[in-house]
Amino acid sequence: MTLTSLNSWLDERPAAAQAFSLLDHSDWRSLAPLATELRERGWGTRISYSRKVFVPLTQLCRDVCHYCTFAQTPRHLEKAFLEPDDVLRIAHDGAALGCKEVLFTLGDRPEARYAHAREALARLGFATTLEYLEHVAGLVYRETGLLPHLNPGLMNTGDFARLRRVGPSMGIMLESSSERLCQRGGPHFGSPDKAPARRLETLRLAGEARVPMTSGILIGIGETRHERLESLLALRELSDRYGHIQEIIVQNFRAKAGTKMHDAPEPSTDELCWTIAAARLIFGAHMSIQAPPNLYGGDLPELIAAGINDWGGVSPLTPDHVNPEAPWPHLDRLAQATARAGCDLIERLTVYPSYVMARAEWIAPELHAPVLRLSDGAGWARVGRWTAGSVEPADADDLRDIPLAAMPRRSAMSSRIDRLVAGQELPEHEIAELFTARGADFVHICREADALRHRSVGDTVSYAVVRNINYTNICLYKCSFCAFSKGKTHEHLRGAPYLVDLEEIRRRVSEAWERGGTEVCMQGGIHPSFTGQTYLDICRAAKQAEPRIHVHAFSPLEVAHGARTLNISIDEFLVELKRAGVDSLPGTAAEILDDDMRRELAPDKLTTREWLDVVARAHRAGIPTTSTIMYGHIESYTHWARHLLRLRELQHETGGLTEFVPLPFVHMEAPMYLRGHSRKGPTLREAILMHAVSRLVLHPLVRNIQASWVKLGPQWAQRCLTAGANDLGGTLMNESISRAAGAVHGQELAPRQMQELIAELGRPWRQRTTLYRDVDSSRIAQAVNAAPLAPTHNAPLSRRSARISA
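Cut-offs and rules
Residues numbered from 1 in each chain as written. Predicted model: local features only at pLDDT ≥ 70, side-chain atom pairs only at ≥ 80, totals over all residues. Heavy atoms only, no water. Helix = DSSP H or I, 4+ residues; strand = E, 2+ residues; numbered from the N terminus. Rg over C-alpha atoms; globule rule 2.2 N^0.38 Å. Buried < 20%, exposed > 50% of the residue type's maximum accessible area, 1.4 Å probe, protein only. Contact = heavy atoms within 4.5 Å. Pairing = 2+ DSSP bridges. Axes fitted to C-alpha atoms, helices over the stretch in contact; angles between N-to-C directions. Parallel < 35°, antiparallel > 145°, perpendicular 65-115°, else oblique. Left-handed = near helix turned anticlockwise from the far one by under 90°. Phe/Tyr/Trp six-rings, centres within 6.5 Å; stacked < 30°, edge-to-face > 60°. Lys NZ or Arg CZ within 6 Å of the ring centre and 35° of its normal. Expected span 1.5 Å × (residues − 1).

**Student:** Hey, could you go over the overall build of the protein for me, with residue numbers and the actual values?
**Tutor:** Assigned secondary structure in the protein consists of 33 helices and 19 strands. On C-alpha atoms alone, the protein measures out to a radius of gyration of 30 Å, which is about the 28 Å that the 2.2 N^0.38 rule sets for 806 residues. By its C-alpha atoms, the protein is 95 × 60 × 45 Å across when sized along the principal axes. Residues classed as buried in the protein amount to 63% of the 806 residues present. Within the protein, contacts between residues at least 6 apart in sequence are counted, and of these 77% link residues at least 24 apart.

Written as structure tokens, this is what we have:
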């Protein structure tokens, strides 16, 4: 088959018989362009690795592979098995270095060969190696949060059922499907566990058990190229049947002193690259193809050109116990080699992103919490220590993930960005892909978003002097993310139930005006006693206290609740709110505008259609609104894209949105996080990208993108102002919702602090009104020179009996 005819494999993988035509192409460089194109279709510019620690649980093994120095006899070992404390010490040390995987490597069923192994297991309290593995793997994930990857050799159905509860992924190398290699004189002679049929049966059982698996081949141990292709095709057949093989390793044999194959020739770098290219062409775009970087003697970018998208596990702590003569490359060197290939080094978990996102099928429920806590929004590894609402400073990993500069390159994202800048609308999947940006793509998106901000609204950064009044924390609804409300399911969380009475509301409104405020933002829980009349009374009380203040009040959920309790239409209630003094609505309670997500987050709240309908009706009634997203919990980048497109469509129809405010999920006290059902909020990279991508996607319809200093902290809100945002939001005076969730920011960022934060960027500041109009100089001076806030009074009360009163 000619090289030209191989191009058809870009769109359809070769049939098994066709795959052997690869033997006609001996030079891997002729296959590399096709392999690279397939890799980029499946993985873009991402080249992944897993930061791991290597735990050699036992080096005893009943097999005698002729190339292996890992397996030892009892007289050469101080201990038959690592003790649980040994394993936990390694895991804790790895966690301190940012590792997320614990790779358990061990010999196959040593108790079947050695009495010493049986006696050691008995002393530990176990009958088999796999029972002990289950025990220590469980200890690791429960006590350290790291994810075990298990390589115990042959397993049966019961083994998989037990071990999948303590390890989200497992592995067994096929090595070769050639029975010839098991015959006398072959490298696997005398190794019953290396029989190809038995290893393929273990992989089949893994598929039945829905366990994400690693497998692959070992080249240079006496097999032919034809046999390599047979091995790859056998693995592909199982992968196609079950979908469980998450990566294929192409590993090159290394001759080791003290083995029967110590003088066997090692495969050349060209031979390894040819096999990698063949694997990529056989498996297609979406299979992960891996080659260990520490075993390659050539220039590492060659492996990327041949078709790999993954370097495998790399440890900053432990050696490669199987290949101790080959040290891991330093991560900085690996990143540099990856960059020379025009790609970005990205950290993954032991279980690949597609399986993380489909965890209900592939990962045992016991492991959902540790997997989610280590994941980002696409199922890759969460890097860095920064979280929304925390004082924990960004660490080196955070900062590497958000570069300020990178070597420019043209990628698939470039054309998408160009189309957005031109005001075109992208399809959902292309917008979702923007959130995956790393390295040069991340820098490009942020710079283009900032340039678009400059052209759209100029360099001035705005802020408003605002007082938040959260009038009750008692709520009928059972939102799984909310640490503010005090319904039956949330009573153990921060703060006692309270209700702010009308007299205190009036006092706070008057004080806000005296301190230079132009807005009061009023929201709260849906108290059981509240009706639409309650909201009208609250609004009138605010306007009685200060008619000139802008009342920004009541979420779409509160509007719907008010209308229902008065038995009038939403349109009629909006008219009543406007008469009572409501000037605009906060576009909160949006969460994620996707009903699958809303059913998990807040099953009894408004649907997506209902939320959009209330906001659209408010716009038609002459009441403008803001818009928000709460992101970084259980949703994916696709949901972010869908949310932005629905807001864009709404704004195109009504034009009533004044701003878009991304609200990163604050996890610390959120019920769903405490139950192990969510991530830890967005990463810092994701938070910055949310502002940049929203600027691009909502252009030119929504002009103002706000960075929430309450959620992000002042430093990172400032960074977002260089990535598309143009507004810092309100000074707040009192904010309690974010603080209830665990955020340490939120009480007040004084006007002078706002101005200094903006000035550090070399940009002018502007105090604005809620509707982005200018504030007169006397109000600005009054805000800057405001007296300290008086203590607030939140009256404690019974959840069921209270009524808001004058």
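**Student:** Describe in detail the sheet that holds strand β13 (residues 519-523), supporting the description with residues and values.
**Tutor:** The strands that make up a sheet pair up through hydrogen bonds in the backbone, lying either parallel or antiparallel. Spatial strand order, β11-β13-β14: 3 strands in an open sheet with parallel pairing. Taken across any chain shown, the strands that pair with only one partner, and hence form the sheet edges, are β11 (466-470) and β14 (550-553). Taken pair by pair, the neighbouring strands of this sheet meet at an average axis angle of 20°, ignoring direction. Pairing between β13 and β14: 4 bridges, direction parallel. Across the sheet, residue Cys521 finds its bridge partner in β14, namely His552.

**Student:** Before we move on, can you summarise the packing of helix α4 (residues 84-96) against helix α6 (residues 129-144) with the specific residues and values?
**Tutor:** One way to put it is that α4 packs onto α6 with a least axis distance of 10 Å and a crossing angle of 40°. Viewed along their axes, α4 and α6 adopt a mutual orientation that is oblique. Where α4 crosses over α6, the handedness of that crossing is right-handed. Note on element contacts: α6 touches α4 through Tyr132, Val136, Leu139, Val140, Glu143 and Thr144, opposite Pro84, Val87, Leu88, Ala91 and His92.

**Student:** Describe the packing of aromatic side chains, with residues and values.
**Tutor:** Using the criterion set out here, one finds 14 aromatic pairs in the structure. Ring geometry for Phe81 and Tyr132: centres 5.9 Å apart, planes at 90°, overall edge-to-face. A residue pair is termed long-range when its members are at least 10 positions apart, and Phe81 in the loop between β1 (46-58) and α4 and Tyr132 in helix α6 qualify at 51 residues. Here Phe81 and Tyr132 have matching classes, each one buried. An aromatic cluster of at least three residues, connected via ring pairs, comprises Phe435, Tyr631, Tyr637 and Trp640. A cation sits over an aromatic face here: Arg225 above Trp274, 4.0 Å from the ring centre. For Arg768, the ring lying beneath its charged end belongs to Tyr772, and the centroid distance is 4.1 Å.

**Student:** Residue-level account of the packing of helix α3 (residues 28-43) against helix α10 (residues 269-283), with values.
**Tutor:** Close contact between α3 and α10 brings their axes to 9 Å; oriented N to C, the two are set at 45°. By the angle between their directions, the pair α3 and α10 is classed as oblique. Where α3 crosses over α10, the handedness of that crossing is left-handed. Judged by residue contacts, Trp28, Arg29, Leu31, Leu34, Ala35, Leu38, Arg39 and Trp43 of α3 engage Asp270, Cys273, Trp274, Ala277, Arg280 and Leu281 from α10.

**Student:** Break down helix α25 (residues 608-620) for me, with residues and values.
**Tutor:** Over its 13 residues, α25 runs 18 Å from end to end, which matches the ideal 18 Å to within 8%, given 1.5 Å per residue. Turning to α25, its buried residues are Thr608, Trp611, Leu612, Val614, Val615, Ala616, Ala618 and His619.

**Student:** Lay out the sheet that holds strand β10 (residues 461-464) in plain terms, naming residues and giving numbers.
**Tutor:** Judged by pairing direction, the sheet is parallel, and its 3 strands sit side by side in the order β17-β10-β18 without closing on themselves. Of all strands in the sheet, those with a lone pairing partner are β17 (727-730) and β18 (765-767), marking the two edges. Between one strand and the next, the sheet's axes are offset by a mean angle of 15°, whatever the strand orientation. Sheet topology note: the β10/β18 ladder contains 3 bridges and is parallel. Note on β18: the bridge partner recorded for Val461 is Trp765.

The values reported here are purely geometric and, on their own, carry no functional implication.
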